Amino acid sequence: MKRTLLILWLGVFAWPLFAQVPSPDEFLGYELGTHFSSHQKVVDYFKDVSSKAKNVKLQSYGTTYEGRELLFAVVSDASNMESLEQIRNNNIAISNNDKTIKAAKQPAIVWLSYNVHGNEANSTETAMKVLYTLVEAKDEKIKQWLKNTVVIIDPCLNPDGRERYVNFYNSVAGTMPNPDPTSREHYEPWPGGRTNHYYFDLNRDWAWQTQIESEQRLKQYHQWLPQIHVDFHEQGYNEPYYFAPAAEPIHQAVTPWQREFQVVVGRNNAKYFDENGWQYFTKERFDLLYPSYGDTYPLYNGAIGMTYEQAGSGRAGLAVVTASGDTLTLKDRISHHFTTSMSTIEVASAHAEKLVLEFRKFFEQSLTPATTYKSYVVKAQNISRLRKLAELLTKNKIGFAFGAEKVERTLNGYNYESQKVEQFKLERNDMVISVAQKHGVLANILFEPQTFVADSNTYDITAWALPYAYGLNAYAVKEILLGTHSFIEEPKRNAFHTAKPYAWILSWNGMEDAKVLMALQQQEVKVRLAEQAFTIGGITYKAGTLLIYRAENEKRKPNFQAQLEKLLANLNADFKTLNSGYVEKGKDFGSSVYRLLGRPKVAVLSGSEVSSQSLGEIWHFFEQELKYPISMINVSSVANLDINKVNTLLVPDGYYNDKLADQLTPWVTAGGKLILLEDAIAAFVGKKPYQIKRKEEPKATEAKNAQQYTSRDHDDFSNTIPGAIYKVYLDQTHPLSFGIGKYYFTLKTDANIYEPLENGYNLGSLKADSYVAGVAGAKVKSKISSGMLYGAQEIGKGQVLYFATGLIFRNFWESGKQMLLNSVFLN
């Protein structure tokens, strides 16, 4: 009887303690690797496992732009799970140089990130298998690993891109996968599933955090700061598997320990691949330089950051025949990623104490940097962009302050603009960043004027110094500086306003000013642009100042003054009032140099001819940052463009057909503004009435040296420019330069340059001293040592703006946003 009651009690009350955790196959209803699982099914599986297993904690950390849930699971053994918050707090305390925490008692934290590129879709399937294997821990070895580690599993960093790929594949696949690589299931339509909703590569966004997925994930990352982070990827389906150690160039900030431990992990991975006869490679192709990858960003924040690359990607489907004649299946791809996942956890467990000790050492050494420059001072020449820089540093937990002590200090430092060591004054609103801080390694990498690059065969850009990207002059200083203030001192606003103004004056320096202009134009307020500087009441207002004349607006709005000042107050806009149109210097307000601004009706071209990255930058900028309406128009529809509905057209980087120029000419002639970006210009070269001409490099007279066979996979260094910073000389009289100044620092990723326009405006040019930083081969430097990058041409009632570089690269190139605003709203 007692035994019967015990069995009943266990059945009624104790069943949750012994609830069976389903395998992925059992939960999904199909064998893992035979279908691509939807994101919702993956989320449901993770939630189901966490509800039934005691050694899993699930953390939801946000949603994507399309509303899909972002989450990760934390797995360890039962004793670690009971003190999980203490483990996390201890780990952060170690990074904060708390020496009371004993490394021997602290498990190593391993963070596994899957599917940052949506069409590299096997990773998310692998994540389910890893979760189940760790939770069940049927092997005693796994139980031991979990005693020494806390494992964080993020199954999908990019759900929107992955769902785009999965929906495509499931919609075209037959009842059986067709492994023929020419069949349609192996060809995604544009834009493909690699990127997120706004076509951003999230594996290039770790440091910049321009995308909501990155920003939300990095908040969680900094709450844990793992000792190991692995970013799981896929590459071409004919490639062997890649795992660390990485290739050169490797940034000098990567420590000897971080390099050595990549070798330790690589050897352990190799052991299992050797047992299975699987092909792999290391130390090739995938470098550790650019700071915004899923391997470098963790490295620069104290972890062992690594990339693993499986053959597959969007071309692989469920099965594909490779060049060697073998058939690569989704099951194979899962098996390979699963093996390296488990191998990495095994190595972390075996070296847990050493990992924690070296993690501590990394942050201890950050407080006493051995770098050339110990501090960076960013001048407060543009408060709008300085605030944006402060936001970026805050996201990355980099400390900063403003100003000197009670008096201004005179210091020596490397001037980013002149590229010389000069004296300068440290003033109240100047930003001061000392690299003697917890996140000093990352701070130094983001600010260093010139990054050392050991090998030109790099995977990405080689220059990104934030002062250039933000268009703010700065000084690199060899001593440790500490700012005095935690905030920017706001300029005093003019408290006195004329009772009956002749005009209202507004500045034009940044995004906030553009939003004020947008709001005014939405309310049909007539706004004028001062194309030249003027002085009135002893105050000089620079070119680019916005003006609102009372009389011309009152004709349509009798109560205009009250309405306007209420609107400006709601916008928190700083403005001045003037009681006369008569100026002391410059042109009086009746002059034609005070041009009435029209309201842009903006569209951007979209479609398979368009670079999805270039389009995404524009789309995200207008929709998420400006909050300004923008139409996406297919290239095939440009012949039907209506000037009354669209008066400003952005043509992103891309490869366009020969008809595009002819199709757009009537629209431009009727008054349209055409903005051509990067290789979009190519479709207009040699087409009348467009004057743009490529600058051709002189034909070489010397004999070309034969290439060695062993170097066939390396680019010709002399022709290389993967991403270098150049100083562009601007025409300061043209509205394109307003709010920027004499120079604009651009990121140059190709050797395209153009002849000066004969009957147009040459707005931005390169000169012999334009090269600033990054890898640029000798032949490239020679070719682009002079010529036009930015130009404008009037055609009929309209105009064409030529931009031979991207303006807002990955949306972290802040100064380019000012140029884009100028081209859309002021021209």
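Report on the accompanying structure.

**Considering the nonpolar core**
One broad rule of soluble globular proteins: the nonpolar side chains tend to lie buried together.
Argument step 1. Ranked by internal contacts, the top residues of the largest apolar core, which has 185 residues, are Phe622, Leu674 and Tyr790.
Argument step 2. If we ignore the near neighbours within four places in the chain, the residues touching Phe622 are Val602, Lys627, Tyr628, Ile630, Leu650, Leu820 and Val824.
Argument step 3. If you look at the next biggest cluster of nonpolar residues, it comprises 62 residues, including Phe36, Val49, Ala73 and Val230.

**Examining the sheet that holds strand β14 (residues 401-402)**
Argument step 1. Overall, antiparallel pairing links the 6 strands, which are arranged β14-β17-β13-β18-β15-β16 in an open sheet. Two strands bound the open sheet, and with one partner strand each, they are β14 and β16 (420-426).
Argument step 2. Two strands pair when backbone bridges link them, and strand β15 (residues 409-415) and β16 are joined in this way by 7 bridges, in the antiparallel orientation. Bridged to Asn412 within β16 is Gln423.
Argument step 3. Those strands touched by helix α14 (residues 383-395) are β13 (375-378), β14 and β17 (431-434), and its axis lies near 25° from that of β17.

**Structural notes on unusual backbone geometry**
Argument step 1. That bond from Trp190 to Pro191 is cis: its omega, 5°, falls within 30 degrees of zero.
Argument step 2. Within the secondary structure, Pro191 sits in the loop between α8 (159-172) and α9 (212-224).
Argument step 3. Note that the residue after Lys688, namely Pro689, is joined by a cis bond; omega there is 5°.
Argument step 4. Its identity is not glycine, yet Asn572 carries a phi of approximately 55°, on the positive side.
Argument step 5. Considering the arrangement of structural elements, one finds Asn572 in the loop between α19 (560-570) and β24 (575-578).

**Brief notes about the layout of surface pockets**
Argument step 1. The calculated volume of the largest pocket comes to roughly 1,200 Å³.
Argument step 2. Surrounding the largest pocket, 40 residues form its lining, Ser507, Trp508, Asn509, Asp513 and Asp574 being those nearest its centre.
Argument step 3. Elements represented by at least two residues in the lining of the largest pocket include exactly α14, β19 (503-506), α17 (511-522), β22 (539-541) and β24.

**Concerning the packing of helix α5 (residues 84-95) against helix α13 (residues 352-366)**
Each packed pair of helices is defined by two parameters, the angle between the axes and the distance between the axes.
Argument step 1. Where α5 meets α13, the axes come as close as 8 Å, and the angle between the chain directions of the two elements is 45°. Judged by the inter-axis angle, α5 sits oblique to α13. Packed against α5, whose contacting residues are Asn91, Ile94 and Ser95, the element α13 presents Val356, Phe359, Arg360 and Phe363 at the interface.

**Quick word on the pattern of salt bridges**
Argument step 1. As enumerated under the stated definition, the model contains 32 salt bridges in all.
Argument step 2. When the shortest N-O distance is used, the salt bridge between Lys354 and Glu358 registers 2.9 Å. Here Glu358 and Lys354 lie together in helix α13, a separation of 4 residues that amounts to about one turn.
Argument step 3. According to the relative accessible area criterion, Lys354 is partly exposed, its value standing at 38%.
Argument step 4. A relative accessible area of 13% places Glu358 in the buried class.

**Overview of the environment of Gln381**
Argument step 1. Relative to the elements of secondary structure, Gln381 occurs in the loop between β13 and α14.
Argument step 2. With relative accessibility at 44%, the residue Gln381 sits in the partly exposed group.
Argument step 3. Aside from chain neighbours lying at most four places away, what touches Gln381 is Gly471, Leu472 and Asn473.

**Here's the deal with the side chain of Arg360**
Argument step 1. You can see Arg360 is positioned in helix α13.
Argument step 2. Here Arg360 occupies a buried position and makes no salt bridge, while the nearest side chain of opposite charge, Glu364, is found at 4.4 Å.
Argument step 3. Non-local contacts of Arg360, meaning those with residues more than four positions away in its chain, are made with Ile94, Asp98, Lys99, Ile101 and Ala103.

**Regarding the packing of α17 against helix α23 (residues 814-826)**
Argument step 1. One can describe the packing of α17 onto α23 by two numbers: an axis separation of 10 Å at closest approach and a directional angle of 20°. In terms of orientation, α17 and α23 fall into the roughly parallel class. Here α17 runs over α23; the crossing is left-handed. Only Lys817, Leu821 and Phe825 of α23 make contact with α17, whose side of the interface consists of Met511, Ala514, Leu517, Met518 and Gln521.

**Some details on α14**
Argument step 1. Its 13 residues give α14 an end-to-end C-alpha distance of 18 Å, which sits within 8% of 18 Å, the value for a rise of 1.5 Å per residue.
Argument step 2. Burial in α14 covers these residues: Ser384, Arg385, Leu386, Leu389, Ala390, Leu392 and Leu393.
Argument step 3. The N-capping residue of α14, defined by a side-chain oxygen 3.2 Å from the backbone nitrogen of Ser384, is Asn382.
Argument step 4. Positioned one or two residues after α14, Lys397 has a phi angle of 65°, which is positive.

**Quick notes on the packing of aromatic side chains**
For any pair of aromatic rings, the description consists of the separation of the ring centres together with the inter-plane angle of the planes.
Argument step 1. Going through the model one piece at a time under the given rule, you end up with 60 aromatic pairs.
Argument step 2. On the basis of an interplanar angle of 50° and a centroid distance of 5.4 Å, the ring pair of Trp111 and Tyr221 is categorised as tilted. With Trp111 in strand β3 (residues 108-114) and Tyr221 in helix α9, the pair connects residues that are 110 residues apart, well separated along the chain.
Argument step 3. Taking 5.9 Å as the distance between ring centres and 85° as the angle between the ring planes, the aromatic pair formed by Phe273 and Tyr280 counts as edge-to-face.
Argument step 4. Overall, Phe273 belongs to the buried group, its relative accessible area being 1%.
Argument step 5. Residue Tyr280 is classed as partly exposed on the basis of its relative accessible area, which comes to 28%.
Argument step 6. Members of the aromatic cluster, joined through ring pairs, are Trp208, Tyr290, Tyr293, Trp464, Phe809, Phe812 and Trp813.

**Some remarks on the pairing of strand β5 (residues 228-235)**
Argument step 1. Of all 8 residues in β5, 8 are buried; the element is thus mostly enclosed.
Argument step 2. Burial along β5 is two-sided: the face carrying Ile228, Val230, Phe232 and Glu234 and the face carrying His229, Asp231, His233 and Gln235 are both buried.
Argument step 3. Here 5 bridges tie β3 to β5, and the two strands are oriented parallel to one another. Bridge pairing in β5 links Leu112 to Val230.
Argument step 4. Bridge count between β5 and strand β10 (residues 304-311): 8 bridges; the pairing is parallel.

Parameters and conventions
- The written sequence of each chain sets the order in which its residues are numbered from 1.
- With the structure being a predicted model, the display of local features is reserved for residues of pLDDT at least 70 and the display and counting of side-chain atom pairs for 80 or more, all residues being used for whole-chain, interface and lining totals.
- Side-chain descriptors were evaluated using all non-hydrogen atoms of the structure, hydrogens and water having been removed beforehand.
- In these notes, a set of buried Ala, Val, Leu, Ile, Met, Phe, Trp, Tyr and Cys residues joined through side-chain atoms within 4.5 Å is what counts as a nonpolar core.
- Between buried and exposed lies partly exposed: a residue is buried under 20% and exposed over 50% of the maximum accessible area for its type, with that area taken using a 1.4 Å probe on protein chains only.
- We call two residues in contact whenever any of their non-hydrogen atoms come within 4.5 Å of each other.
- Whether two strands pair depends on DSSP finding at least two bridges between them.
- Counting from the N terminus, the helices are DSSP H or I runs at least four residues long and the strands are E runs at least two residues long.
- Throughout, an axis means a line fitted to C-alpha atoms (over the contacting stretch in the case of helices), and angles, computed between N-to-C directions, take values from 0 to 180 degrees.
- In this analysis the probe radius is 1.4 Å and the grid spacing 1 Å, with only protein atoms considered; a cavity is a set of points the probe fits into but cannot get out of, a pocket is an open set with protein on both sides within 12 Å along at least five of seven lines, and lining residues have an atom within 4 Å of a point.
- Grid points are joined across faces, edges and corners, and a volume is the space filled by probe spheres set on the points.
- Any angle that is under 35 degrees is reported as roughly parallel, and any over 145 degrees as roughly antiparallel; angles of 65 to 115 degrees are reported as roughly perpendicular and all others as oblique.
- A pair is scored as a salt bridge if a Lys or Arg side-chain nitrogen falls within 4 Å of a carboxyl oxygen belonging to Asp or Glu.
- For the purpose of charge, His is not counted, nor are the chain termini; Lys and Arg are scored as positive and Asp and Glu as negative.
- Two helices that cross are described as forming a left-handed crossing if the nearer one is turned anticlockwise from the farther one by less than a right angle, and a right-handed crossing if clockwise.
- An expected span of 1.5 Å times one less than the residue number is assigned to each helix.
- Any pair of nitrogen or oxygen atoms within 3.5 Å is treated as a polar contact; in protein, a donor-acceptor pairing is required on top of that, and neighbouring residues in sequence qualify only through side-chain atoms on both sides.
- Within 6.5 Å between ring centres, the rings of Phe, Tyr and Trp (the latter by its six-membered ring) count as paired, and their orientation is classed by plane angle as stacked under 30 degrees, edge-to-face over 60, tilted in between.

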